[in-house]
Amino acid sequence: MADLFTLSEEHRAFQEVVRKICEERIAPRAAEIDANAEFPWDVKEVLAENGLLGLHIAEEYGGSGADALTFVIMAEEVSRVCASSSVIPLVQKLGTMPIALAASEEQKHAWLPGVASGEDLISYCLSEPDAGSDAASMKTTAVREGDEYVLNGTKVWISMAGPSNMYTVLARTDPAAGAKGISAFLVRSEDPGFSVGKAEDKLGIKGSPTCQVHFDDCRIPAERLIGEEGRGFYYAMAAFDHTRLVVGAQAVGIAQGAIDFAADYVKGREQFGKPIGSFQGVQFMLADMVTEAEAARGLVYAAAAKADRGDSDLTQFSSMAKLKAGDVAMSVTTDAVQLLGGYGYTKDYPVERMMRDAKITQIYEGTQQIQRMVIARQRLGKL
Ligand code: CAA
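What counts, and at which threshold
Think of each chain on its own: its residues are numbered from 1, step by step along the sequence as written. With pLDDT at 70 or above as the cut-off, local features in this predicted model cover only qualifying residues; side-chain atom pairs require 80 or more to be listed or tallied, and sums for whole chains, interfaces and linings still use all residues. With hydrogens and water set aside, each side-chain value is computed from the structure's full complement of heavy atoms. Put simply, DSSP marks the helices as runs of H or I at least four residues long and the strands as runs of E at least two long, and each gets a number from the N terminus on. The reference for a compact globule is 2.2 Å times residues^0.38; the radius of gyration itself is calculated from the C-alpha atoms. Three labels apply to residues, based on accessible area from a 1.4 Å probe with only protein chains included: buried if under 20% of the type maximum, exposed if over 50%, partly exposed otherwise in between. Two residues form a contact once any of their heavy atoms are found within 4.5 Å. What sets the accessible areas is the Shrake-Rupley method with a 1.4 Å probe; for residues, cover comes only from the shown protein chains. Any N or O atom pair separated by 3.5 Å or less is treated as a polar contact, with the protein-specific requirement of one donor-capable and one acceptor-capable atom, and with residues adjacent in sequence counted only for side-chain atom pairs. Here, expected helix span is obtained from the residue count minus one, scaled by 1.5 Å. Each residue is assigned a bend, namely the angle between axes fitted to the seven residues that terminate at it and the seven residues that start at it. At least two bridges found by DSSP between two strands is the condition for calling them paired. We define proximity as follows: a residue is near a molecule or strand when any one of its heavy atoms falls within 4 Å of that partner. Note on residue categories: nonpolar means Ala, Val, Leu, Ile, Met, Phe, Trp, Tyr, Cys or Pro, charged means Asp, Glu, Lys or Arg, and polar means any other residue, Gly included.

## Quick notes on the overall build of the protein
When helices and strands are tallied, the protein shows 11 helices and 10 strands. Here the C-alpha atoms of the protein give a radius of gyration of 21 Å, agreeing with the 21 Å that 2.2 N^0.38 yields for 383 residues. Principal-axis analysis of the C-alpha atoms places the extent of the protein at approximately 80 × 45 × 40 Å. Looking at the protein as a whole, 55% of its 383 residues are labelled buried. Partitioning the intrachain contacts of the protein with sequence separation of at least 6 by distance along the chain shows that 73% fall at a separation of at least 24. As presented, the protein carries roughly 16500 Å² of accessible surface, and 53% of it is formed by carbon and sulfur atoms.

Here you go:
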(Lines give C-alpha, C1' and ligand atoms only; values in the text may rest on other atoms or scores of the structure.)
Protein backbone atom coordinates (compact mmCIF):
# COMPACT_ATOMS: atom_id res chain seq x y z
CA MET A 1 0.00 0.00 0.00
CA ALA A 2 2.88 2.33 0.78
CA ASP A 3 3.74 2.27 -2.93
CA LEU A 4 0.45 3.90 -3.76
CA PHE A 5 1.71 7.40 -3.11
CA THR A 6 5.21 7.17 -4.53
CA LEU A 7 6.62 6.58 -7.98
CA SER A 8 7.82 3.07 -8.79
CA GLU A 9 11.54 2.46 -9.29
CA GLU A 10 11.06 2.45 -13.07
CA HIS A 11 9.10 5.69 -13.09
CA ARG A 12 11.66 7.36 -10.86
CA ALA A 13 14.55 6.16 -13.04
CA PHE A 14 12.72 7.41 -16.14
CA GLN A 15 12.14 10.78 -14.48
CA GLU A 16 15.85 11.12 -13.70
CA VAL A 17 16.87 10.34 -17.27
CA VAL A 18 14.31 12.77 -18.73
CA ARG A 19 15.27 15.51 -16.26
CA LYS A 20 18.91 15.22 -17.34
CA ILE A 21 17.99 15.45 -21.01
CA CYS A 22 15.76 18.46 -20.32
CA GLU A 23 18.34 20.26 -18.18
CA GLU A 24 21.17 19.68 -20.63
CA ARG A 25 19.51 19.93 -24.03
CA ILE A 26 16.26 21.91 -23.67
CA ALA A 27 16.62 24.35 -20.75
CA PRO A 28 19.52 26.28 -22.36
CA ARG A 29 17.30 26.97 -25.39
CA ALA A 30 14.12 28.03 -23.57
CA ALA A 31 14.64 31.81 -23.37
CA GLU A 32 15.73 31.98 -27.02
CA ILE A 33 12.78 29.90 -28.23
CA ASP A 34 10.45 32.28 -26.40
CA ALA A 35 12.19 35.47 -27.58
CA ASN A 36 12.33 34.40 -31.24
CA ALA A 37 8.92 32.69 -31.24
CA GLU A 38 10.55 29.92 -33.26
CA PHE A 39 9.43 26.31 -33.53
CA PRO A 40 12.29 24.38 -31.90
CA TRP A 41 13.15 21.77 -34.53
CA ASP A 42 16.30 20.92 -32.58
CA VAL A 43 14.24 20.14 -29.46
CA LYS A 44 11.87 18.04 -31.56
CA GLU A 45 14.94 16.03 -32.61
CA VAL A 46 16.09 15.66 -28.99
CA LEU A 47 12.66 14.36 -28.02
CA ALA A 48 12.50 12.05 -31.03
CA GLU A 49 16.00 10.58 -30.69
CA ASN A 50 15.29 9.74 -27.04
CA GLY A 51 12.04 7.99 -27.91
CA LEU A 52 9.95 10.59 -26.10
CA LEU A 53 7.54 11.18 -28.99
CA GLY A 54 6.47 7.55 -29.12
CA LEU A 55 5.68 6.92 -25.47
CA HIS A 56 1.92 7.02 -25.99
CA ILE A 57 1.91 4.72 -29.01
CA ALA A 58 1.65 0.93 -28.65
CA GLU A 59 4.73 -1.15 -29.47
CA GLU A 60 3.03 -2.84 -32.42
CA TYR A 61 2.77 0.59 -34.10
CA GLY A 62 6.37 1.63 -33.44
CA GLY A 63 5.97 3.29 -30.04
CA SER A 64 7.08 2.15 -26.62
CA GLY A 65 3.60 1.55 -25.21
CA ALA A 66 4.41 3.37 -21.98
CA ASP A 67 1.68 3.92 -19.41
CA ALA A 68 -0.05 7.27 -18.97
CA LEU A 69 1.97 8.09 -15.84
CA THR A 70 5.22 7.77 -17.81
CA PHE A 71 3.85 10.24 -20.38
CA VAL A 72 2.79 12.58 -17.57
CA ILE A 73 6.28 12.49 -16.02
CA MET A 74 7.83 13.33 -19.39
CA ALA A 75 5.35 16.19 -19.98
CA GLU A 76 6.06 17.55 -16.51
CA GLU A 77 9.83 17.48 -16.96
CA VAL A 78 9.84 19.13 -20.39
CA SER A 79 7.37 21.80 -19.17
CA ARG A 80 9.51 22.46 -16.10
CA VAL A 81 12.23 23.86 -18.37
CA CYS A 82 10.37 24.94 -21.53
CA ALA A 83 6.59 25.01 -21.89
CA SER A 84 6.79 25.79 -25.62
CA SER A 85 8.74 22.57 -26.18
CA SER A 86 6.28 20.55 -24.09
CA VAL A 87 3.52 21.36 -26.56
CA ILE A 88 5.22 19.04 -29.08
CA PRO A 89 4.60 15.73 -27.25
CA LEU A 90 1.31 17.05 -25.88
CA VAL A 91 -0.14 17.74 -29.33
CA GLN A 92 1.39 14.55 -30.77
CA LYS A 93 -0.71 12.68 -28.22
CA LEU A 94 -3.85 14.74 -28.82
CA GLY A 95 -3.66 14.31 -32.60
CA THR A 96 -3.02 10.59 -32.17
CA MET A 97 -5.80 9.81 -29.70
CA PRO A 98 -8.76 9.64 -32.13
CA ILE A 99 -6.65 7.31 -34.31
CA ALA A 100 -5.65 5.15 -31.34
CA LEU A 101 -9.26 4.99 -30.18
CA ALA A 102 -11.07 4.41 -33.47
CA ALA A 103 -8.88 3.83 -36.54
CA SER A 104 -8.61 0.44 -38.25
CA GLU A 105 -5.56 -1.78 -37.80
CA GLU A 106 -4.48 -0.95 -41.34
CA GLN A 107 -4.70 2.80 -40.65
CA LYS A 108 -2.83 2.50 -37.37
CA HIS A 109 -0.02 0.54 -39.00
CA ALA A 110 0.17 3.08 -41.82
CA TRP A 111 -0.04 6.27 -39.74
CA LEU A 112 1.33 5.73 -36.25
CA PRO A 113 4.97 4.61 -36.75
CA GLY A 114 5.90 7.96 -38.32
CA VAL A 115 4.31 9.81 -35.39
CA ALA A 116 6.05 7.55 -32.88
CA SER A 117 9.48 8.18 -34.41
CA GLY A 118 8.87 11.92 -34.70
CA GLU A 119 9.30 11.81 -38.47
CA ASP A 120 5.67 12.95 -38.70
CA LEU A 121 4.12 15.67 -36.59
CA ILE A 122 0.38 15.58 -36.08
CA SER A 123 -2.02 18.39 -35.10
CA TYR A 124 -5.62 18.29 -33.93
CA CYS A 125 -8.24 20.43 -35.69
CA LEU A 126 -11.44 20.93 -33.71
CA SER A 127 -12.07 24.63 -32.97
CA GLU A 128 -13.48 27.11 -35.46
CA PRO A 129 -13.98 30.88 -35.37
CA ASP A 130 -17.57 30.41 -34.14
CA ALA A 131 -17.16 27.03 -32.46
CA GLY A 132 -14.76 27.24 -29.51
CA SER A 133 -16.24 26.05 -26.21
CA ASP A 134 -19.31 24.92 -28.17
CA ALA A 135 -17.29 22.51 -30.28
CA ALA A 136 -20.34 20.62 -31.58
CA SER A 137 -21.54 23.73 -33.44
CA MET A 138 -18.69 23.41 -35.97
CA LYS A 139 -19.44 24.25 -39.61
CA THR A 140 -16.54 22.74 -41.54
CA THR A 141 -18.05 20.20 -43.91
CA ALA A 142 -16.85 16.91 -45.34
CA VAL A 143 -18.95 15.72 -48.28
CA ARG A 144 -18.53 12.26 -49.74
CA GLU A 145 -17.93 12.30 -53.52
CA GLY A 146 -17.23 8.82 -54.89
CA ASP A 147 -13.96 7.56 -53.38
CA GLU A 148 -13.18 10.89 -51.78
CA TYR A 149 -14.32 13.34 -49.13
CA VAL A 150 -14.25 17.05 -49.96
CA LEU A 151 -13.58 19.31 -46.97
CA ASN A 152 -14.49 23.00 -46.75
CA GLY A 153 -14.08 25.35 -43.80
CA THR A 154 -11.63 27.02 -41.44
CA LYS A 155 -10.15 25.73 -38.20
CA VAL A 156 -8.54 28.04 -35.63
CA TRP A 157 -6.11 27.82 -32.71
CA ILE A 158 -4.36 24.86 -34.28
CA SER A 159 -1.25 24.11 -32.28
CA MET A 160 1.79 23.13 -34.36
CA ALA A 161 0.05 23.95 -37.65
CA GLY A 162 2.83 24.48 -40.15
CA PRO A 163 5.45 22.16 -38.66
CA SER A 164 2.86 19.35 -38.65
CA ASN A 165 2.39 17.31 -41.82
CA MET A 166 -0.60 15.35 -40.46
CA TYR A 167 -3.87 16.76 -39.15
CA THR A 168 -6.67 14.95 -37.35
CA VAL A 169 -9.69 16.94 -38.47
CA LEU A 170 -13.24 16.98 -37.15
CA ALA A 171 -15.78 17.96 -39.80
CA ARG A 172 -19.49 17.84 -40.34
CA THR A 173 -20.77 15.00 -42.52
CA ASP A 174 -24.44 15.59 -41.63
CA PRO A 175 -25.55 19.21 -41.31
CA ALA A 176 -28.72 18.33 -39.42
CA ALA A 177 -27.43 15.85 -36.86
CA GLY A 178 -25.61 18.09 -34.30
CA ALA A 179 -22.88 16.24 -32.41
CA LYS A 180 -23.94 13.02 -34.17
CA GLY A 181 -23.21 14.58 -37.58
CA ILE A 182 -19.48 15.04 -37.03
CA SER A 183 -16.78 12.70 -38.36
CA ALA A 184 -13.02 12.46 -37.95
CA PHE A 185 -10.47 12.41 -40.78
CA LEU A 186 -6.76 12.34 -41.33
CA VAL A 187 -5.61 15.13 -43.64
CA ARG A 188 -2.05 15.53 -44.88
CA SER A 189 -0.38 18.87 -45.52
CA GLU A 190 0.20 17.97 -49.17
CA ASP A 191 -3.50 17.27 -49.83
CA PRO A 192 -4.92 19.65 -52.45
CA GLY A 193 -6.98 22.47 -50.91
CA PHE A 194 -5.20 22.32 -47.54
CA SER A 195 -3.38 25.44 -46.35
CA VAL A 196 -2.07 26.96 -43.14
CA GLY A 197 -3.22 30.55 -42.59
CA LYS A 198 -2.68 33.34 -40.09
CA ALA A 199 -0.28 32.66 -37.22
CA GLU A 200 -1.40 34.06 -33.86
CA ASP A 201 0.86 36.43 -31.92
CA LYS A 202 0.40 35.01 -28.43
CA LEU A 203 1.13 35.94 -24.81
CA GLY A 204 2.98 32.70 -24.10
CA ILE A 205 4.09 29.32 -25.48
CA LYS A 206 5.54 31.52 -28.19
CA GLY A 207 7.73 28.76 -29.59
CA SER A 208 4.68 26.69 -30.43
CA PRO A 209 2.99 28.00 -33.57
CA THR A 210 -0.78 28.44 -33.33
CA CYS A 211 -2.40 29.05 -36.72
CA GLN A 212 -5.57 28.98 -38.73
CA VAL A 213 -5.99 26.05 -41.10
CA HIS A 214 -8.07 26.30 -44.27
CA PHE A 215 -9.81 23.61 -46.28
CA ASP A 216 -10.80 24.84 -49.74
CA ASP A 217 -12.32 21.93 -51.63
CA CYS A 218 -9.70 19.82 -49.90
CA ARG A 219 -9.93 16.33 -51.41
CA ILE A 220 -8.85 13.31 -49.41
CA PRO A 221 -9.28 9.58 -50.11
CA ALA A 222 -12.37 8.13 -48.41
CA GLU A 223 -10.16 5.68 -46.51
CA ARG A 224 -8.89 8.62 -44.42
CA LEU A 225 -12.16 8.53 -42.46
CA ILE A 226 -11.30 7.56 -38.87
CA GLY A 227 -13.74 5.10 -37.34
CA GLU A 228 -17.40 5.49 -38.24
CA GLU A 229 -19.12 8.40 -39.92
CA GLY A 230 -21.05 10.43 -37.32
CA ARG A 231 -18.88 9.27 -34.38
CA GLY A 232 -16.18 11.96 -34.65
CA PHE A 233 -17.44 14.11 -31.78
CA TYR A 234 -17.34 11.12 -29.44
CA TYR A 235 -13.74 10.35 -30.45
CA ALA A 236 -12.85 14.02 -29.97
CA MET A 237 -14.31 14.07 -26.46
CA ALA A 238 -12.87 10.68 -25.53
CA ALA A 239 -9.46 11.95 -26.71
CA PHE A 240 -9.71 14.81 -24.22
CA ASP A 241 -10.25 12.30 -21.43
CA HIS A 242 -6.66 11.18 -22.06
CA THR A 243 -5.11 14.56 -22.82
CA ARG A 244 -6.67 17.09 -20.44
CA LEU A 245 -4.77 15.37 -17.67
CA VAL A 246 -1.62 15.89 -19.75
CA VAL A 247 -2.31 19.63 -19.83
CA GLY A 248 -2.51 19.21 -16.06
CA ALA A 249 0.95 17.65 -16.13
CA GLN A 250 2.21 20.50 -18.24
CA ALA A 251 0.80 22.97 -15.71
CA VAL A 252 2.41 21.11 -12.78
CA GLY A 253 5.73 21.15 -14.65
CA ILE A 254 5.54 24.90 -15.25
CA ALA A 255 4.69 25.46 -11.57
CA GLN A 256 7.60 23.24 -10.49
CA GLY A 257 10.02 25.16 -12.69
CA ALA A 258 8.89 28.43 -11.09
CA ILE A 259 9.12 26.99 -7.56
CA ASP A 260 12.62 25.61 -8.13
CA PHE A 261 13.86 28.92 -9.49
CA ALA A 262 12.19 31.06 -6.81
CA ALA A 263 13.39 28.81 -3.97
CA ASP A 264 17.01 29.18 -5.09
CA TYR A 265 16.55 32.90 -5.53
CA VAL A 266 15.18 33.60 -2.04
CA LYS A 267 18.08 31.69 -0.51
CA GLY A 268 20.60 33.87 -2.34
CA ARG A 269 18.96 37.29 -2.37
CA GLU A 270 19.79 39.35 0.71
CA GLN A 271 17.83 42.33 2.04
CA PHE A 272 17.86 43.81 5.54
CA GLY A 273 21.11 41.93 6.11
CA LYS A 274 19.80 38.39 5.53
CA PRO A 275 18.46 36.09 2.81
CA ILE A 276 14.87 37.04 2.04
CA GLY A 277 14.04 33.31 2.36
CA SER A 278 14.57 33.68 6.11
CA PHE A 279 11.53 35.97 6.39
CA GLN A 280 8.38 34.20 7.44
CA GLY A 281 6.24 36.05 4.88
CA VAL A 282 8.41 34.67 2.08
CA GLN A 283 8.51 31.21 3.64
CA PHE A 284 4.72 31.08 3.90
CA MET A 285 4.38 32.04 0.24
CA LEU A 286 6.81 29.34 -0.82
CA ALA A 287 5.15 26.78 1.44
CA ASP A 288 1.77 27.46 -0.19
CA MET A 289 3.29 27.22 -3.67
CA VAL A 290 4.88 23.85 -2.90
CA THR A 291 1.74 22.50 -1.24
CA GLU A 292 -0.54 23.55 -4.08
CA ALA A 293 1.80 22.09 -6.72
CA GLU A 294 1.91 18.75 -4.86
CA ALA A 295 -1.89 18.71 -4.55
CA ALA A 296 -2.21 19.31 -8.28
CA ARG A 297 0.39 16.65 -9.04
CA GLY A 298 -1.53 14.13 -6.94
CA LEU A 299 -4.67 14.76 -8.96
CA VAL A 300 -2.79 14.50 -12.26
CA TYR A 301 -1.20 11.19 -11.21
CA ALA A 302 -4.58 9.86 -10.03
CA ALA A 303 -6.10 10.76 -13.40
CA ALA A 304 -3.20 9.07 -15.22
CA ALA A 305 -3.76 5.89 -13.21
CA LYS A 306 -7.44 6.01 -14.12
CA ALA A 307 -6.54 6.38 -17.81
CA ASP A 308 -4.42 3.22 -17.60
CA ARG A 309 -7.09 1.26 -15.77
CA GLY A 310 -9.91 2.55 -18.00
CA ASP A 311 -11.89 3.72 -14.96
CA SER A 312 -15.36 5.04 -15.67
CA ASP A 313 -14.68 8.33 -13.84
CA LEU A 314 -11.70 9.23 -16.05
CA THR A 315 -13.63 12.08 -17.74
CA GLN A 316 -14.22 13.74 -14.38
CA PHE A 317 -10.68 13.19 -13.06
CA SER A 318 -9.02 14.35 -16.25
CA SER A 319 -10.99 17.61 -16.12
CA MET A 320 -10.34 18.01 -12.38
CA ALA A 321 -6.61 17.48 -12.93
CA LYS A 322 -6.49 20.16 -15.62
CA LEU A 323 -8.68 22.55 -13.63
CA LYS A 324 -6.66 22.30 -10.43
CA ALA A 325 -3.24 22.21 -12.07
CA GLY A 326 -3.95 25.07 -14.48
CA ASP A 327 -5.08 27.34 -11.65
CA VAL A 328 -2.09 26.29 -9.53
CA ALA A 329 0.34 26.98 -12.38
CA MET A 330 -1.10 30.49 -12.77
CA SER A 331 -1.01 31.35 -9.07
CA VAL A 332 2.39 29.75 -8.41
CA THR A 333 4.10 31.47 -11.34
CA THR A 334 2.53 34.81 -10.37
CA ASP A 335 3.87 34.35 -6.83
CA ALA A 336 7.28 33.39 -8.21
CA VAL A 337 7.40 36.70 -10.08
CA GLN A 338 6.42 38.42 -6.83
CA LEU A 339 9.21 36.71 -4.90
CA LEU A 340 11.76 38.00 -7.41
CA GLY A 341 10.26 41.50 -7.23
CA GLY A 342 11.35 43.82 -10.04
CA TYR A 343 13.78 41.21 -11.35
CA GLY A 344 10.94 38.76 -11.78
CA TYR A 345 9.22 41.22 -14.08
CA THR A 346 12.11 41.23 -16.54
CA LYS A 347 13.27 38.85 -19.22
CA ASP A 348 16.61 38.46 -17.42
CA TYR A 349 14.87 35.82 -15.30
CA PRO A 350 12.68 32.93 -16.49
CA VAL A 351 9.72 33.37 -14.15
CA GLU A 352 7.97 36.03 -16.27
CA ARG A 353 8.06 33.56 -19.19
CA MET A 354 6.69 30.84 -16.95
CA MET A 355 3.86 33.13 -15.84
CA ARG A 356 2.97 33.92 -19.46
CA ASP A 357 3.20 30.26 -20.43
CA ALA A 358 1.06 29.13 -17.47
CA LYS A 359 -1.95 31.10 -18.73
CA ILE A 360 -2.58 28.81 -21.69
CA THR A 361 -3.17 25.85 -19.37
CA GLN A 362 -6.31 27.64 -18.15
CA ILE A 363 -7.53 28.09 -21.71
CA TYR A 364 -6.71 25.32 -24.18
CA GLU A 365 -8.20 21.82 -24.35
CA GLY A 366 -11.29 23.42 -22.82
CA THR A 367 -11.31 26.53 -20.62
CA GLN A 368 -11.42 26.14 -16.84
CA GLN A 369 -15.12 27.02 -17.11
CA ILE A 370 -15.68 24.10 -19.52
CA GLN A 371 -13.82 21.76 -17.15
CA ARG A 372 -16.22 22.81 -14.38
CA MET A 373 -19.16 22.07 -16.69
CA VAL A 374 -17.75 18.62 -17.45
CA ILE A 375 -17.12 17.85 -13.77
CA ALA A 376 -20.58 19.02 -12.71
CA ARG A 377 -22.26 17.04 -15.51
CA GLN A 378 -20.41 13.91 -14.42
CA ARG A 379 -21.80 14.36 -10.92
CA LEU A 380 -25.30 15.57 -11.80
CA GLY A 381 -25.94 14.37 -15.34
CA LYS A 382 -26.95 16.89 -18.00
CA LEU A 383 -29.84 18.79 -16.37
N1 CAA B 1 -16.39 10.59 -24.04
C2 CAA B 1 -17.27 10.05 -24.93
N3 CAA B 1 -18.40 10.67 -25.32
C4 CAA B 1 -18.65 11.88 -24.78
C5 CAA B 1 -17.79 12.51 -23.86
C6 CAA B 1 -16.62 11.80 -23.48
N7 CAA B 1 -15.75 12.33 -22.60
N8 CAA B 1 -18.29 13.70 -23.51
C9 CAA B 1 -19.45 13.83 -24.19
N10 CAA B 1 -19.65 12.74 -24.96
C11 CAA B 1 -20.82 12.45 -25.80
C12 CAA B 1 -22.09 12.62 -24.99
O13 CAA B 1 -22.41 11.44 -24.28
C14 CAA B 1 -23.10 12.92 -26.06
O15 CAA B 1 -23.53 11.75 -26.68
P16 CAA B 1 -25.10 11.30 -26.65
O17 CAA B 1 -25.86 12.49 -27.17
O18 CAA B 1 -25.12 10.13 -27.57
O19 CAA B 1 -25.39 10.98 -25.23
C20 CAA B 1 -22.30 13.70 -27.11
O21 CAA B 1 -20.91 13.41 -26.85
C22 CAA B 1 -22.49 15.18 -26.97
O23 CAA B 1 -22.16 15.52 -25.66
P24 CAA B 1 -22.77 16.77 -24.93
O25 CAA B 1 -24.25 16.81 -25.14
O26 CAA B 1 -22.24 16.81 -23.54
O27 CAA B 1 -22.13 17.94 -25.82
P28 CAA B 1 -22.18 19.50 -25.67
O29 CAA B 1 -22.41 20.08 -27.00
O30 CAA B 1 -23.05 19.91 -24.53
O31 CAA B 1 -20.62 19.86 -25.32
C32 CAA B 1 -18.63 20.06 -24.07
C33 CAA B 1 -19.88 19.24 -24.40
C34 CAA B 1 -17.98 19.32 -22.91
C35 CAA B 1 -18.92 21.47 -23.65
C36 CAA B 1 -17.68 20.04 -25.30
O37 CAA B 1 -18.22 20.80 -26.37
C38 CAA B 1 -16.31 20.59 -24.97
O39 CAA B 1 -15.46 19.85 -24.45
N40 CAA B 1 -16.03 21.87 -25.29
C41 CAA B 1 -14.71 22.41 -25.18
C42 CAA B 1 -13.96 22.22 -26.46
C43 CAA B 1 -12.48 22.15 -26.25
O44 CAA B 1 -12.00 21.55 -25.30
N45 CAA B 1 -11.73 22.75 -27.16
C46 CAA B 1 -10.31 22.70 -27.12
C47 CAA B 1 -9.77 22.75 -28.50
S48 CAA B 1 -8.42 21.67 -28.79
C49 CAA B 1 -7.07 22.39 -28.12
O50 CAA B 1 -7.14 23.31 -27.36
C51 CAA B 1 -5.81 21.72 -28.47
C52 CAA B 1 -4.58 22.49 -28.47
O53 CAA B 1 -4.42 23.53 -29.05
C54 CAA B 1 -3.45 21.93 -27.75
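Resuming the write-up.
## Quick look at the environment of Arg-144
Position of Arg-144 among the secondary structure elements: in strand β2 (residues 141-145). For Arg-144, a relative accessible area of 47% puts it in the partly exposed group. Separated by 76 residues in the primary sequence, Arg-144 and Ile-220 have C-alpha atoms spaced 9.7 Å apart. Not counting chain neighbours up to four residues away, the residues in contact with Arg-144 comprise Tyr-149 and Ala-222. Polar contacts involving the side chain of Arg-144 include one to the main-chain carbonyl oxygen of Gly-146, which spans 2.8 Å.

## With respect to helix α6 (residues 105-117)
One full turn of an α-helix is made of 3.6 residues, so residues set three or four places apart face in the same direction. Compared with the 18 Å implied by 1.5 Å per residue over 13 residues, the 18 Å span of α6 between its first and last C-alpha is a close match. At Trp-111, α6 shows its maximal bend, which comes to roughly 35°, and the proline Pro-113 appears one to four places after that position. Residues of α6 that are buried: Gln-107, Lys-108, Trp-111, Leu-112, Gly-114, Val-115 and Ala-116. Each element contacted by the buried residues of α6 is listed here: α5 (83-102), β1 (122-125), β4 (166-172), β5 (182-188) and β8 (225-226). Positive backbone phi, approximately 90°, marks Gly-118, located one or two places after α6.

## Description of unusual backbone geometry
Residues other than glycine seldom take positive phi values, yet Trp-157 does so here, at roughly 60°. Counting through the fold element by element, Trp-157 comes out in strand β3 (residues 148-159). Residue classification places Trp-157 among the exposed positions, given a relative accessible area of 53%. With a phi close to 55°, Phe-272 is a non-glycine residue in the positive phi region. Take Phe-272: its relative accessible area is 77%, and that puts it in the exposed class.

## Things to note about the pairing of β2
One ladder, built from 5 bridges, connects β2 with β3; its direction is antiparallel. Pairing of Thr-141 across the sheet is with Asn-152, part of β3. Linking β2 back to β3 in an antiparallel pair, the connection comprises 2 residues, with Gly-146 at a positive phi of about 60°.

## So, the site of the ligand
The immediate surroundings of the ligand are formed by 27 residues, with Ser-133, Ser-159, Tyr-234, Glu-365 and Lys-382 found nearest. For the ligand, an oxygen atom lies 3.1 Å from a polar atom in the side chain of Lys-180. Within the contact set of the ligand, an oxygen atom lies 2.8 Å away from a side-chain nitrogen or oxygen of Arg-244. Compared with its free state, where it exposes 1100 Å², the ligand has 74% of that area covered by protein. Those elements that place two or more of their residues in the shell around the ligand are α5, β3, α7 (232-268) and α11 (368-380). Examining the composition of the shell around the ligand, we find that 7 residues originate from one element, α7, more than from any other. Here the shell around the ligand is composed, by residue class, of 15 nonpolar, 6 polar and 6 charged.

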